[in-house]
Amino acid sequence: MTSTTQLFLLEGRTAIVTGATGLLGREHCRALAEAGARVVATDLDAAACDHLAAEIGAGAFGHRADVTIPESLEILLAAVLSITGRVDVLVNNAALNDRYEDPSTALESSRFERYPLELWEQALKVNVTGVFLCSQVIGTHMAEVGRGSIVNIASTYGVVAPDQSLYLDPEGRRRFYKSPSYPTSKGAVLAFTRFLAAYWGASGVRVNALSPGGVENGQDDFFVAEYGRRTPLGRMAAPTDYRGALVFLASEASAYMTGANLIVDGGFTAW
Ligand SMILES: NC(=O)c1ccc[n+]([C@@H]2O[C@H](COP(=O)([O-])OP(=O)(O)OC[C@H]3O[C@@H](n4cnc5c(N)ncnc54)[C@H](O)[C@@H]3O)[C@@H](O)[C@H]2O)c1
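The structure reproduced in this document is the subject of the present report. (Residues numbered from 1 in each chain as written. Predicted model: local features only at pLDDT ≥ 70, side-chain atom pairs only at ≥ 80, totals over all residues. Heavy atoms only, no water.)

Some remarks on the overall build of the chain
Part 1: Secondary structure summary: the chain contains 9 helices and 7 strands in total.
Part 2: Taking 2.2 N^0.38 as the reference for a compact globule, 271 residues should give roughly 18 Å; the C-alpha atoms of the chain span a radius of gyration of 19 Å, in line with that estimate.
Part 3: In terms of overall dimensions, the chain has C-alpha extents of about 55 × 40 × 35 Å along its principal axes.
Part 4: Of all 271 residues assigned to the chain, the portion counted as buried reaches 49%.
Part 5: When contacts within the chain are restricted to residue pairs at least 6 apart in sequence, those whose partners lie at least 24 apart make up 71%.
Part 6: Surface summary for the chain: the accessible area is close to 12,500 Å², and the carbon and sulfur share equals 56%.
Part 7: Of note, the chain has its 22 positive side-chain charges centred 4 Å away from the centre of its 29 negative side-chain charges. (Helix = DSSP H or I, 4+ residues; strand = E, 2+ residues; numbered from the N terminus. Rg over C-alpha atoms; globule rule 2.2 N^0.38 Å. Buried < 20%, exposed > 50% of the residue type's maximum accessible area, 1.4 Å probe, protein only. Contact = heavy atoms within 4.5 Å. Areas by Shrake-Rupley, 256 points an atom, 1.4 Å probe, with all protein chains shown as cover. Lys, Arg positive; Asp, Glu negative; His and termini not counted. Charge placed at Lys NZ, Arg CZ, Asp CG, Glu CD.)

Brief notes about unusual backbone geometry
Part 1: Phi at alanine 58 is positive, roughly 50 degrees, even though this residue is not glycine.
Part 2: Mapped onto the secondary structure, alanine 58 falls in the loop between helix H3 (46–56) and strand E3 (61–62).
Part 3: A relative accessible area of 56% places alanine 58 in the exposed class.

Re the site of the ligand
Part 1: Residues in contact with the ligand amount to 25 residues; listed here are only the nearest, Leu24, Asp43, Asn93, Tyr182 and Lys186.
Part 2: One nitrogen or oxygen atom from the side chain of aspartate 66 is found 2.9 Å from a nitrogen atom belonging to the ligand.
Part 3: Valine 215 places a polar main-chain atom, nitrogen or oxygen, 2.9 Å from an oxygen atom of the ligand.
Part 4: Protein contacts shield 84% of the accessible area of the ligand, which totals 820 Å² for the unbound molecule.
Part 5: At the level of elements, helix H2 (23–34) and helix H7 (181–200) are the ones that each hand at least two residues to the shell around the ligand. (Near = heavy atom within 4 Å. Polar contact = N/O pair within 3.5 Å; in protein donor to acceptor, adjacent residues only side chain to side chain.)

Concerning the packing of helix H4 (residues 70–84) against helix H6 (residues 117–145)
Part 1: For the pair H4 and H6, interaxial distance at closest approach is 9 Å and the crossing angle is 30 degrees. Classified by the angle between their axes, H4 and H6 sit roughly parallel to one another. Crossing angle aside, the handedness with which H4 passes H6 is right-handed. Counting all contacts with H4, which are made through Pro70, Leu73, Glu74, Leu76, Leu77 and Leu81, the residues of H6 involved are Leu133, Cys134, Val137, Ile138 and His141. (Axes fitted to C-alpha atoms, helices over the stretch in contact; angles between N-to-C directions. Parallel < 35°, antiparallel > 145°, perpendicular 65-115°, else oblique. Left-handed = near helix turned anticlockwise from the far one by under 90°.)

Here we look at the packing of H2 against helix H9 (residues 243–250)
Part 1: Where H2 meets H9, the closest approach of the two axes is 9 Å, and the angle between their N-to-C directions is 60 degrees. As summarised for this structure, H2 and H9 are arranged oblique, according to the angle between their axes. The two elements H2 and H9 cross, and the hand of that crossing is right-handed. Within the contact between the two elements, H2 uses Glu27, His28, Ala31, Leu32 and Glu34 and H9 uses Arg243, Leu246, Val247 and Ala250.
Part 2: For the contact of H2 with H9, the per-class residue count stands at 5 nonpolar, 1 polar and 3 charged. (Nonpolar A, V, L, I, M, F, W, Y, C, P; charged D, E, K, R; others polar.)

Looking at the sheet that holds strand E4 (residues 89–92)
Part 1: In spatial order, the strands read E3-E2-E1-E4-E5-E6-E7; together these 7 strands make up an open sheet with parallel pairing. This sheet does not close on itself; its edge strands, each paired only once, are E3 and strand E7 (261–264).
Part 2: In the sheet, strand E2 (residues 38–42) pairs with E3 via 2 bridges, with the strands oriented parallel. Across the sheet, the residue bridging to alanine 41 is glycine 62, located in E3.
Part 3: Together, E4, strand E5 (148–153), strand E6 (205–212) and E7 form the strand contacts of H9, whose direction differs from that of E6 by roughly 170 degrees. (Pairing = 2+ DSSP bridges.)

Structural notes on the pairing of strand E1 (residues 14–18)
Part 1: With respect to burial, E1 is a largely interior element, 5 of its 5 residues being buried.
Part 2: Residues Thr14, Ile16 and Thr18 point to one face of E1 and Ala15 and Val17 to the other, with burial holding for every one of them.
Part 3: For E1 and E2, the ladder comprises 5 bridges, and the chain directions are parallel. Within E2, the residue paired with valine 17 across the bridge is alanine 41.
Part 4: Chirality of the crossover, the property in question, places the unit of E1, H2 and E2 among those that are right-handed.
Part 5: The sheet contact formed by E1 and E4 spans 3 bridges and is parallel. Its bridge partner lying in E4, isoleucine 16 is registered against leucine 90. (Right-handed = clockwise from strand over helix to strand, strands pointing away.)

Things to note about H6
The periodicity of an α-helix, 3.6 residues per turn, causes residues three or four positions apart to be oriented the same way.
Part 1: With 29 residues, H6 should reach 42 Å at 1.5 Å per residue; the first-to-last C-alpha distance of 40 Å fits that figure.
Part 2: Its axis deflected by about 35 degrees at glycine 139, H6 carries its strongest bend there. (Expected span 1.5 Å × (residues − 1). Bend = angle between axes of the 7 residues up to and from the residue.)

Some words on H3
Part 1: For H3, the full list of buried residues reads Cys49, Leu52, Ala53 and Ile56. All buried residues of H3 lie within an arc of 100 degrees about the axis, which places them on one face of the element. Exposed residues on H3 whose side chains face more than 90 degrees from its buried face are Ala47, His51 and Ala54.
Part 2: Buried positions along H3 lie against H2, E2 and E3.
Part 3: Taken from the residues just after H3, glycine 57 is the one with a positive phi, measuring 70 degrees. (Arc of directions from axis to C-beta.)

Written as structure tokens, this is what we have:
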């Protein structure tokens, strides 16, 4: 019988991570590689993918792909199969999240009543259609072979609504509103996860979601403290906080799990 520790190992497996060169994508790649997987780091910038793959080592390689373009994903799959001959894990991590860098326009453009259709459509295209397309192109290969694990990265905001009082400054003035498109897209990812898990249950492909909470990444001290106050564990996440959960979902350690949403949020959604 396989030992408990061995259940988490990914030796001999190939794992594709989309949005690989972003804040969390890098950590997903590192975690999978440390568990023994050969990692394919894919994102929009080819040089950044190659650079990350070289940093990771362990046979990792980079390949540019746009998750919204089916042909781009077909080229990615063909390249991966020609190099490794297999795909065992797909981490659908690429996403857009509105960032309001310009404080002078942030408040008006983020207000729901004025939220631009273009931003809504862009977010749904990458965050929902991207997950659909990657699963269709890469997951279909997995289903044909009869094995695989798909991990869709959702968010606490797919589970609960954004608390808009988080986005006030220390004087109580509003900086911006969290957008309607991001939570909507993540809610759709959760519904799609359940759909595909049920659809491919008999094909040997498991499909689960991982819902991270907010990650500390250069936000000001006031925001970080306010987020921590709303979180039972009292802090924002570090980018490394999702490594264990990701390897669990990617590996045989979660063999009897599909259609689930693993929430790793320091308790943010618990109260
Ligand atoms: N950072 C957080 O606080 C947080 C919290 C909860 C959930 N998440 C989720 O975790 C995942 C990663 O978040 P992050 O903070 O690392 O984001 P990030 O913005 O740092 O990285 C996202 C990556 O996706 C890539 N991408 C965007 N459009 C693409 C496309 N069309 N094709 C291919 N790649 C594309 C970007 O180039 C970028 O590298 C996302 O799904 C996000 O919603 C993040």
